[in-house]
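Results of the structural survey
As a plain string of letters, each chain reads:
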Amino acid sequence: MNPKVRPGVVAVLAAAMAATSLATSPGASAARTSSATNGWSPVGPTSTSSALDPTPAFSPPSSDERKRAISSAGGALLTDAAALHTSSDDAFQLERSVAGSQGLQYLTYRRTHRGLPVYGGDVVVATDKPGQVVQAVTTGQRATLKIDPTTSVTAGEAATKARAKLSVVESVGEPTLLVHAVGERPRLAWEVVVTGATGKGPSVQHVYVDARDGSVFDTWDEVKAGTGNSFYNGPVTIGTVNSGASYSMTDPIRPGLRCGGQSGTTYTKSIDTWGNGSGTDLETACVDVMFAAQQEWDMLRDWLGRDGFNASGGGFPARVGLNDYNAFWSGSYTNFGRNASNTRQATAIDVVAHEYGHSVFQYSGSPQQSSDPEEAGLTESTGDIFGALTEHYANEPAPYDTPDYLVGEEVDFVGSGPIRNMYDPSALGDPNCYGPWIRMFPNPYMAAAPQNHWFYLLAEGSDPGGGNPASPTCNSSTVTGIGIQKAGKIFQAGLNMKTIPWTYAKARVATLKAAKSLFPGSCVEFNATKAAWAAVSVPAQAGEPTCTVAPR
């Protein structure tokens, strides 16, 4: 039986000192609202960040424009066959087509070789909004394939090998025979998905077993861990669903977004008033999650032109009450714990946006992921960047979580304040600058730091003023920022061209292409993007674009 949905329903989180009055007045004017219940503005809430971009970001292409893009992309697959390392035994199938800022289109194609899936062979084609001009064609594959599909290792033997990768095993998926083409040496392999736990927490491990010699040569984990800021946005309104005499903490207009406990069951109750404002109350934590996730969803639409977390109008559920001072993205839902002293839930805007940022990363460009250490760092940086974007979009007033470029500054997570600093990562022991040592760091958060630093320089500059802190550069240069909204557009458009393994070199080239596509009549944004990468020591790459504006 389908529940009756009432999009106008709101749920109110009562502040601890005003719980009674707000509970009896859910529409009170004192409540700050998410646009879930108030409609939306094409430019979103007012932000304190300078240089907001007035260009409407959410401008989906028409059905005819989408058809033209598919036709243009098909032509590009043929024209660029040599650069894409296409063999006569390869075939391509359109896996997804999404629109980005200003209607730019991104089409991801899944490659097969002699009928087998190719891990690492995805191709992403970017076109203009009308679908007529191909702006970029990228793949992560580095060699032309000629693979004999005959195996020496059975699926059962591969499953047994893969099972040993986790200390606690809940399930082992059916092995899939494929071509592993991420590195210079393509291999015939079994991919086995093992669900369970490691000594550090839950895991959904993708294990690759050589189908000839039985060796485990690659793995990656769907579960992306993260930590951050805690709880409390004061009195807010969130969208909920009413079915008969019951209310559910389910968003009525953002499909897939809902919140509940560790069992995965969505919270329900007989009245539409939620939480008590306490840092240890899980119902309150869910209100904070829903408010932050709704703000991020709206930011993606209004600022970056993206339709939901998965770019196709869909979202993902959240769980609260994780008994750990942590939070993570499982690959299909977010899960939020608490701080080390167990006084606050880890559910403030930047930590919620960080975890849902992992879903944006997963659903941008190629959906494939790898074990590359740079990719792991860039994944975590993506979460931090979306945390900063969402904080600036929400523009919460004091004493709540005001916009900044710190991560976890209010949680007192382990008694030492913020856990990452985007404008000066070295202040917390992380590297400001990129270098080959990035690949040797013991955790991905250190590898995230140079891209976090790049984003701050692009958005705000090296000496922005206006209350924003100065940011040191690795080459002693001066960088002029272009504003966080434009920086976000460029970052997301670059992410839409992601292939595996995703590296700093690829991110530089992709964001330069993005700046050129998004701002075709100007080199200001392109030059700022380039200067910010140079300022964090990511060097120029062979074949990267240049920008020249023809005189009028």
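Residues numbered from 1 in each chain as written. Predicted model: local features only at pLDDT ≥ 70, side-chain atom pairs only at ≥ 80, totals over all residues. Heavy atoms only, no water.

Turning next to the sheet that holds strand S16 (residues 246-248). The three strands are arranged S15-S16-S18 in an open sheet whose pairing can be described as antiparallel. For this open sheet the edge positions go to strand S15 (241-243) and strand S18 (268-269), each flanked by a neighbour on one side alone. Pairing between S16 and S18: two bridges, direction antiparallel. Its bridge partner lying in S18, Tyr 247 is registered against Lys 269. (Pairing = 2+ DSSP bridges. Helix = DSSP H or I, 4+ residues; strand = E, 2+ residues; numbered from the N terminus.)

This part covers the packing of helix H4 (residues 282-302) against helix H5 (residues 349-362). Between H4 and H5, the shortest axis-to-axis distance is 9 Å and the interhelical angle comes to 55°. Regarding the angle of H4 to H5, the classification is oblique. Viewed along their axes, H4 and H5 form a crossing whose handedness is right-handed. In contact with Val 289, Phe 291, Ala 292, Ala 293, Glu 296 and Leu 300 of H4, H5 contributes Ile 349, Val 352, Ala 353, Tyr 356, Gly 357 and Val 360. Across the contact of H4 with H5, the residue classes break down as ten nonpolar, one polar and one charged. (Axes fitted to C-alpha atoms, helices over the stretch in contact; angles between N-to-C directions. Parallel < 35°, antiparallel > 145°, perpendicular 65-115°, else oblique. Left-handed = near helix turned anticlockwise from the far one by under 90°. Contact = heavy atoms within 4.5 Å. Nonpolar A, V, L, I, M, F, W, Y, C, P; charged D, E, K, R; others polar.)

Per the counting criterion, the structure on display carries two cavities of 30 Å³ or more. The calculated volume of the largest cavity comes to roughly 50 Å³. Breaking the lining of the largest cavity down by element, the ones donating at least two residues are helix H6 (373-394) and strand S22 (406-407). The biggest single contributor to the lining of the largest cavity is H6, with four residues. Of the residues assigned to the lining of the largest cavity, the class counts are five nonpolar, one polar and four charged. A volume near 40 Å³ is recorded for the second largest cavity. Taken together, Gln 451, Phe 491, Gly 494, Leu 495, Trp 502, Ala 507 and Thr 511 make up the full set of residues lining the second largest cavity. Residue assignment for the lining of the second largest cavity shows that the elements contributing at least two residues are helix H8 (484-495) and helix H9 (504-518). (1 Å grid on protein atoms, 1.4 Å probe; cavity = no way out; pocket = protein on both sides within 12 Å on 5 of 7 lines; lining within 4 Å. Points joined across faces, edges and corners; volume = space filled by probe spheres on them.)

With that settled, the discussion passes to the state of the cysteines. For the coordinates displayed, the defined rule picks out three disulfides. One disulfide in the model links Cys 433 with Cys 474; its S-S distance is 2.0 Å. Here the S-S torsion is close to -100°, and the disulfide linking Cys 433 with Cys 474 is therefore left-handed. Here the residue Cys 433 occupies a position in the loop between strand S23 (420-421) and helix H7 (444-460), and Cys 474 occupies one in the loop between H7 and H8, the gap between them amounting to 41 residues. Since its relative accessible area comes to 26%, Cys 474 is described here as partly exposed. The disulfide partner of Cys 523 is Cys 547, and the gap between their sulfur atoms is 2.1 Å. Disulfide Cys 523-Cys 547: the torsion about the S-S bond is -95°, which places it as left-handed. With Cys 523 in the loop between H9 and helix H10 (524-535) and Cys 547 in the segment after H10, the pair connects residues that are 24 residues apart, well separated along the chain. (Disulfide = S-S within 2.5 Å. Buried < 20%, exposed > 50% of the residue type's maximum accessible area, 1.4 Å probe, protein only.)

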